[in-house]
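Okay, here's what each chain looks like letter by letter:
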Amino acid sequence: MKKYIIALILAIIFGLCGYYSYTDCTGLLKAGNISVKEICELFLYIFLSGVSISALAFNIIFSNTAESLNVYKRELEKGSIDKTENSSRIKVLESKIKVLEKALDEALKNREK
């Protein structure tokens, strides 16, 4: 939800900067006399427009990457839990086998006597 709000705010900033740069540019071209202050304002609007659209693109790309990274981490955790469970099962089975081998050896020794 947070990423959608940020994306909406950035899109609004982009739209406003684009609108202001368009209206200033058309007004300046019609008037014919352009001051340095007006040119600076126009470049500022264009710069802010570019910054907002690049921040919007970065937000979209980064949020998708973060989500896929979290999914990958969950899969790794599940896999590591399964591996530890399997290794503990193997250890239990190995100890049972050792106990059964000792019991078999003792039973064979008792049978021979």
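Predicted model, so just to flag it, every value in this text is computed and none were measured.

This part is about the overall build of the chain. Along the backbone of the chain there are two helices and zero strands. Residues classed as buried in the chain amount to 10% of the 113 residues present. Of the roughly 9600 Å² of accessible surface on the chain, a fraction of 67% belongs to carbon and sulfur atoms.

Next up on the list: a nonpolar patch on the surface. A cluster of nonpolar side chains, Leu8, Ile12, Leu16, Tyr19 and Tyr20, forms an exposed patch at the surface whose accessible area comes to about 520 Å². Its location among the elements puts Tyr19 in helix 1 (residues 2–31).

What counts as what
Residues numbered from 1 in each chain as written. Predicted model: local features only at pLDDT ≥ 70, side-chain atom pairs only at ≥ 80, totals over all residues. Heavy atoms only, no water. Helix = DSSP H or I, 4+ residues; strand = E, 2+ residues; numbered from the N terminus. Buried < 20%, exposed > 50% of the residue type's maximum accessible area, 1.4 Å probe, protein only. Areas by Shrake-Rupley, 256 points an atom, 1.4 Å probe, with all protein chains shown as cover. Patch = residues over 30% accessible without salt bridge, like charges linked within 9 Å, V, L, I, M, F, W, Y side chains within 5 Å. Salt bridge = Lys/Arg side-chain N within 4 Å of Asp/Glu carboxyl O.

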